[in-house]
Amino acid sequence: MRAHPAGPRHAEVLPASHLGNPAKNLNDLDPTIWPANATRENGVLHLGGVDVRDLAAEHGTPAIVLDEGDFRGRARAYAEAFTGGDVFYAGKAFLSRGVARWVDEEGLHLDVCTGGELKVALSAGFPPEKIALHGNNKSTAELQKAVDHNVGRVVLDSYVEIVRLADIAQRAGKEVQVLVRVTVGVEAHTHEYIATAHEDQKFGFSLSGGEAAEAVARVLRQPGLKLVGLHSHIGSQIFDTSGFEVSAHRLVGLLRQIRDEHGLELPELDLGGGLGIAYVEGDTPLDIGAVAKELRRIVETECTSAGLPIPRIAVEPGRAIVGPAGVTVYEVGTVKPVDTGTGTRTYVSIDGGMSDNLRTALYDAEYTCVLASRASDAPPMLARVVGRHCESGDVVVKDVWLPSDVVPGDLLAVAATGAYCRSMASNYNHTPRPPVVAVADRTTKVLVRRETEDDLMRLDVG
Ligand SMILES: Cc1ncc(COP(=O)(O)O)c(C=O)c1O
Ligand SMILES: N[C@@H](CCCC[NH3+])C(=O)O
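Remember, it's a predicted structure, so these values are computed and weren't measured experimentally.

Q: Please give an account of the side chain of Arg-384 that cites residues and values.
A: Residue position: Arg-384 is located in strand 17 (residues 380-386). Classification of Arg-384 by relative accessible area gives buried; the value is 2%. One polar contact links the side chain of Arg-384 to the main-chain carbonyl oxygen of Lys-398, over a distance of 2.9 Å.

This is how it looks when you write it as structure tokens:
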């Protein structure tokens, strides 16, 4: 996904230069895009040591495959990089009970943003004190559940919520630890739909408008709430730290104002998630060790010059942990060459689509894929991988080189689908949602089973 709003969806056939070297695309697995334990043996994709043909035979297609080793490796790298701080895995990217256990075992905390995500976490036995509850419109029931279960942090997002949570806390005779979500006014360099800290949007309290300072004052007047820090999340799929620098600078300015006005030095600063991953060749994700060092340097410099103690830093990565671990395996159903007027584009229809990966349609996201079930030395063709839904915008991979002998029955594997694909999946056209299957050490384990038509029919009670 590029840092521009949705571009032309059905552009002319692109010159080969746009997509790099076709031969390379056809045969290589770029290690920045594919999971750590992905290999190709005689053209056949293996994930976590499992042949995707066996995986498809056992679990069907489409299937979202998660490389457990890749996930755990990234989680561990985050935990190590932020030693002395806290890493909250953002469950919105993808959450299941199995994944919640991996997160816990790797020493991470967890960010949930609905009662549903909270339920998954609690039922996995995730320690409640290591959970933070987010959301711009948490219901009374969700807040009550958080208080009942002694969730570690609630990130406050509106004046209404301050009173709502304070009432619940007081009635329960508890003191809830909270952060105030601050809209720092940063224009993150990402798609406008997933930037979250510019002024004109629904999240948080505006810093420049004075609402953030007012929210702090109101929280401090509530006996049921204990203010422990500030929070900011500037957006998602970000490839440079400049936005975080501006954000940290402004948050520390508010920490200083709070110290000056209320005599209070807040111990925590949560800088949110948002680091980008490689979806296609040319995407350059940041090294997490270097990012952690840089964020620490920024916060330390700002706090030192403000005469403040260095707060404990928290971050909330979702995509950067689960995104690269995921691969979606589809079966090809039809292959249709179309004359575009400037060339031929071959539409390859797979057995899923925007119901299991909305990101291309919603954000103009870019993905890549390979023919996964066999070797081919056929010359490359420019293909567009499309779904089976009743929308012309139902595209999964806009432009990709595939061997020109792709036929129905072949398996295609789309890379980097671990984040925001299954978690944003829908039942559009009464389509049952795909399973999520973990692979590790040549074995598979179903984390979320495939939905069935009967599952969907059970909801139809009229
Ligand atoms: C508050 C908050 N924290 C963390 C995240 C996770 O973001 P990402 O998956 O880009 O790391 C999001 C989503 O953008 C978010 O809204
Ligand atoms: N769902 C978005 C990111 C938004 C994350 C939540 N604030 C994506 O797929 O890129």
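Read on for the rest.
Q: Help me get a handle on the sheet that holds strand 3 (residues 50-51), residues and values and all.
A: Overall, antiparallel pairing links the three strands, which are arranged 1-2-3 in an open sheet. Edge positions in the sheet fall to strand 1 (38-41) and strand 3, since each of these pairs with one other strand and no more. Both strand 2 (residues 44-47) and strand 3 contribute to a ladder of two bridges, which runs antiparallel. Across the sheet, the residue bridging to Leu-47 is Val-50, located in strand 3.

Q: With reference to specific residues and values, describe the pattern of salt bridges.
A: Applying the stated criterion to the full structure yields 23 salt bridges. The salt bridge partner of Asp-86 is Arg-312, with a shortest N-O separation of 2.9 Å. Within this pair, whereas Asp-86 is found in strand 5 (residues 86-90), its partner Arg-312 is found in strand 13 (residues 312-315), the two being separated by 226 residues in sequence. When its relative accessible area of 12% is taken as the criterion, Asp-86 is described as buried. Using a relative accessible area of 38% as the deciding quantity, one classes Arg-312 as partly exposed. A salt bridge links Glu-294 to Arg-297, with the nearest nitrogen and oxygen atoms 2.9 Å apart.

Q: Describe unusual backbone geometry, and please don't skip the residues or the numbers.
A: Apart from glycine, the bulk of residues carry a negative phi angle, and the bulk of peptide bonds sit in the trans form. Note that the residue after Thr-61, namely Pro-62, is joined by a cis bond; omega there is -10°. Among the secondary structure elements, Pro-62 is positioned in the loop between helix 2 (52-59) and strand 4 (63-67). A positive phi is found at Gln-237, a non-glycine position, where the angle reads about 60°. Locating Gln-237 in the fold gives a position in the loop between strand 11 (225-231) and helix 9 (242-262). Gln-237 sits in the buried class, given a relative accessible area of 2%. Phi at Asn-429 takes a positive value of approximately 60°, unusual for a residue other than glycine. Residue placement: Asn-429 occurs in the loop between strand 19 (411-415) and strand 20 (436-440). Overall, Asn-429 belongs to the partly exposed group, its relative accessible area being 38%.

Q: Outline the UniProt feature "binding site: substrate" (unreviewed entry) in the protein, supporting the account with residue identities and numerical values.
A: UniProt marks Arg-319, Arg-359, Tyr-363, Glu-391 and Tyr-420 with the feature "binding site: substrate" (unreviewed entry), using the numbering shown here. A stretch of 102 residues holds the annotated residues, and the largest C-alpha distance among them is 26.7 Å, long enough that they do not meet in one place. Looking only at the residues we just named, the largest pocket is lined by Arg-319, Arg-359, Tyr-363 and Tyr-420. Mapped onto the elements of the fold, Arg-319 is located in helix 11 (residues 319-322). For Arg-319, the side chain forms a polar contact with the side chain of Gln-237, separated by 3.5 Å.

Q: Go over empty space enclosed by the protein with me, naming the residues and quoting the values.
A: Scanning the entire structure with this criterion turns up two cavities of 30 Å³ or more. Within this model, the largest cavity holds a volume of roughly 70 Å³. Forming the walls of the largest cavity are 13 residues, and the residues nearest its centre are Tyr-78, Gly-272, Gly-273, Leu-275 and Val-315. Looking at the lining of the largest cavity residue by residue, the class counts come to nine nonpolar, three polar and one charged.

Q: Got a sec to walk through the site of ligand 1? Specific residues and values, please.
A: Lining the immediate environment of ligand 1, one finds 15 residues, of which His-233, Ser-236, Glu-316, Arg-319 and Tyr-420 sit closest. Contact distances for ligand 1 include 3.4 Å between a nitrogen atom and a side-chain N or O atom of Asp-111. With respect to ligand 1, the backbone of Gly-318 contributes an N or O atom lying 2.9 Å from an oxygen atom. Relative to its unbound accessible surface of 390 Å², ligand 1 loses 93% to contact with the protein. Mapping ligand 1 onto the cavity grids shows that it belongs to the largest pocket. Split by residue class, the shell around ligand 1 holds three nonpolar, seven polar and five charged.

Q: Break down the environment of Ser-305 for me, with residues and values.
A: Residue placement: Ser-305 occurs in helix 10 (residues 288-306). Sequence spacing of Ser-305 and Val-252 is 53 residues, and the spatial spacing of their C-alpha atoms is 9.8 Å.

Q: Tell me about the layout of surface pockets, and please be specific about residues and values.
A: Approximately 1200 Å³ is the volume found for the largest pocket. Taken together, the elements giving at least two residues each to the lining of the largest pocket come down to helix 4 (97-105), helix 5 (115-123), helix 11, helix 12 (359-363) and strand 21 (443-448). Along the lines of polarity and charge, the residues of the lining of the largest pocket split into 19 nonpolar, 18 polar and 13 charged.

Q: Kindly report on the nonpolar core, identifying the contributing residues and their values.
A: Trp-34, Leu-45, Phe-71, Tyr-89, Val-99, Leu-230 and Leu-402 are the most contacted members of the largest nonpolar core, which totals 128 residues. With eight residues, the single largest contributor to this core is helix 10. The residues touching Leu-402, leaving out its near neighbours within four places in the chain, are Leu-26, Val-348, Cys-369, Val-370, Leu-371, Pro-379, Pro-380, Met-381, Ala-383, Val-385 and Leu-412.

Calculation notes
- Residues numbered from 1 in each chain as written.
- Chains lettered and ligands numbered in written order.
- Predicted model: local features only at pLDDT ≥ 70, side-chain atom pairs only at ≥ 80, totals over all residues.
- Heavy atoms only, no water.
- Helix = DSSP H or I, 4+ residues; strand = E, 2+ residues; numbered from the N terminus.
- Buried < 20%, exposed > 50% of the residue type's maximum accessible area, 1.4 Å probe, protein only.
- Polar contact = N/O pair within 3.5 Å; in protein donor to acceptor, adjacent residues only side chain to side chain.
- Pairing = 2+ DSSP bridges.
- Salt bridge = Lys/Arg side-chain N within 4 Å of Asp/Glu carboxyl O.
- UniProt positions renumbered as here; feature names shortened; annotations may be inferred.
- 1 Å grid on protein atoms, 1.4 Å probe; cavity = no way out; pocket = protein on both sides within 12 Å on 5 of 7 lines; lining within 4 Å.
- Points joined across faces, edges and corners; volume = space filled by probe spheres on them.
- Nonpolar A, V, L, I, M, F, W, Y, C, P; charged D, E, K, R; others polar.
- Near = heavy atom within 4 Å.
- Areas by Shrake-Rupley, 256 points an atom, 1.4 Å probe, with all protein chains shown as cover.
- Sits in = over half its atoms within 2 Å of the grid points.
- Core = buried A, V, L, I, M, F, W, Y, C linked by side-chain atoms within 4.5 Å.
- Contact = heavy atoms within 4.5 Å.

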